[in-house]
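Spelled out, the chains give:
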Amino acid sequence: MRKIIFGILPLLVGIFFIMLGNGMQFTLVGVRGDIEGFSASALAVVTSAYFGGFLMGARTAPIMIRRVGHVRVFAAVGSFMSAGLIALTLIVEPWAWILLRVLIGFCMAGIYVTAESWLNAEATNQNRGQILSIYMIAQTLGVIGAQGLLALGDAATASLFIVASILVSISFGPILLSVSPTPATETSRPMPLRELFRGSPLGTVGIFFLGTIYATQAGMSPVYGAQIGFSPPQVALFMAMLFTGPLLMQVPVGWISDRVDRRYVIFATSGLGAIFCLIGATLGNQQPALLAIAFLSGGVTMPLYALLLAYVNDALPTEDMPAASGGLSLTFGLGAIMGPLAAGAVMQMFGSQMFWIMLATTCLCITLFALYRMTQSTVLPPSETESYLAVVPSASPIAVEAAGQWVTEQASEENEE
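Computed from a prediction, not measured in an experiment: that's the story for all the values here.

Caption draft 1: Geometry of the nonpolar core. Counting residues in hydrophobic clusters, the biggest one holds 126 residues, and the most contacted among them are Met 108, Phe 243, Ile 266 and Trp 356. Those residues in contact with Met 108 that sit more than four places away from it in its chain are Ile 18, Met 19, Asn 22, Tyr 50, Phe 54 and Met 81.

Here it is as structure tokens:
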């Protein structure tokens, strides 16, 4: 394990710093927007703009890399992202923030695709699963750590946005100076959504609704926290708890899912998510209780991403997994764009507690559809299912496809034995 970590350490350090900067701006946008008097619906559009840009960047980055190379693409998107973070403080208007967030999301996708290409190139059949797991942990720790940095300045000024820009800028050093220069970057053409749904109805529907849940949690939680009277440090702590839950829950969820019918685990985790979110809607602004609910709701909902990916891999032939990964990334991205828009609209009309009601409703949709699918197909024995790998929702199609490749390799090794 130590040798594996040492081999990819520059990438891990770089990604950690990138996630510090990106995690800071996610919380800052909601808090600063509330200070400036932006409505919940306006901030919802700002949130969705990021995921729209991310979806475009995930599709475009491999093309750019094939044309000009990894180093140039990485340096370009990193520079534009750093500039975009500072520009958020120069024109504090919803229309400007929408455009800048599209740019930041696009650049962040380019950073992910490039970094994950290098990461995948460093992996072998024997260590790919470990490398991806370590990489996902570094991402999550970066987001959690970013919330602690928000206590260093005032969200009403430009200082914290500048810190986020600096963190993103310095992250490029260890990556560009240390990694292999020319890894292959190929992504399969996404499977058409109709074909994907035919192969795995629960996986397709579940990933779409999970996209709405994740984007609402990541983008609208700061808005919710500010609306109920939390101070910026309290909002940051709320966000930290939301991401700490998944960090600790991924392993037990994965262990269980490899031993029982995954539909049961999807049903249970989404159902618990709905219950926790409904409890959150009754708590008002009671900070300790809300922190606990953030930990629990994030802990059971975010692992659903890896769980649904594993379920789709169970349902499809090995040769279809790469194309299915692309289709799932597209489906997730569409849900991520729509989720904050819906949450922002109902929060604007009916109040801040609709944040929890929207999350609970979406979790319940996954729960009910999982229950329905249990009546429509037979149980797949755990011995015939693929292995679970803890992929986080922020992963690009490169990492998702690499996870599918790892699953294929694992299945091949088991068949040989």
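Caption draft 2: Expanded view of the packing of helix H2 (residues 9-35) against helix H7 (residues 159-178). One can describe the packing of H2 onto H7 by two numbers: an axis separation of 8 Å at closest approach and a directional angle of 160°. One element, H2, and the other, H7, form an angle in the roughly antiparallel class. In the crossing of H2 with H7, the sense of the turn from one axis to the other is left-handed. In terms of residue class, the contact of H2 with H7 is made up of 19 nonpolar, five polar and one charged.

Caption draft 3: Structural view of the side chain of Thr 47. Structurally, Thr 47 can be placed in helix H3 (residues 40-68). Thr 47 has contacts with Arg 101, Ala 215, Gly 219, Met 220 and Pro 340, leaving out every residue within four places of it along the chain.

Caption draft 4: Fine view of the packing of aromatic side chains. Going through the model one piece at a time under the given rule, you end up with 20 aromatic pairs. Here Phe 208 and Phe 209 contribute two aromatic rings whose centre-to-centre distance is 5.6 Å and whose plane-to-plane angle is 70°, an arrangement assigned as edge-to-face. With relative accessibility at 23%, the residue Phe 208 sits in the partly exposed group. On the basis of relative accessibility, which here comes to 22%, the residue Phe 209 falls in the partly exposed class. Plain terms: the ring middles of Phe 238 and Trp 356 are 6.2 Å apart, the flat faces sit at 80° to each other, and that makes the pair edge-to-face. Here the residue Phe 238 occupies a position in helix H10 (residues 232-257), and Trp 356 occupies one in helix H15 (residues 354-374), the gap between them amounting to 118 residues. Feature note: the residues Phe 26, Tyr 50, Phe 51, Phe 54, Tyr 112, Tyr 214, Tyr 305 and Phe 332 constitute an aromatic cluster, connected by ring pairs. The ring of Phe 26 is capped by Arg 101, whose NZ or CZ atom sits 4.6 Å from the centre of that ring.

Caption draft 5: Spatial organisation of the environment of Met 358. Tracing the chain through its elements places Met 358 in helix H15. Separated by 80 residues in the primary sequence, Met 358 and Leu 278 have C-alpha atoms spaced 9.4 Å apart. If we ignore the near neighbours within four places in the chain, the residues touching Met 358 are Ala 342, Ala 343 and Val 346.

Caption draft 6: Quick look at the packing of H3 against helix H5 (residues 94-122). Where H3 meets H5, the closest approach of the two axes is 6 Å, and the angle between their N-to-C directions is 35°. Two packed elements cross with a definite hand, and for H3 against H5 that hand is right-handed. For the contact of H3 with H5, the per-class residue count stands at 22 nonpolar, seven polar and one charged.

Caption draft 7: Quick peek at the environment of Ile 162. Along the chain, the position of Ile 162 falls in helix H7. For the pair Ile 162 and Gln 25, spaced 137 residues apart in sequence, the C-alpha separation works out to 9.9 Å.

What counts and how
Residues numbered from 1 in each chain as written. Predicted model: local features only at pLDDT ≥ 70, side-chain atom pairs only at ≥ 80, totals over all residues. Heavy atoms only, no water. Core = buried A, V, L, I, M, F, W, Y, C linked by side-chain atoms within 4.5 Å. Buried < 20%, exposed > 50% of the residue type's maximum accessible area, 1.4 Å probe, protein only. Contact = heavy atoms within 4.5 Å. Axes fitted to C-alpha atoms, helices over the stretch in contact; angles between N-to-C directions. Helix = DSSP H or I, 4+ residues; strand = E, 2+ residues; numbered from the N terminus. Parallel < 35°, antiparallel > 145°, perpendicular 65-115°, else oblique. Left-handed = near helix turned anticlockwise from the far one by under 90°. Nonpolar A, V, L, I, M, F, W, Y, C, P; charged D, E, K, R; others polar. Phe/Tyr/Trp six-rings, centres within 6.5 Å; stacked < 30°, edge-to-face > 60°. Lys NZ or Arg CZ within 6 Å of the ring centre and 35° of its normal.

Don't take any of this as a statement about function, it's just geometry.
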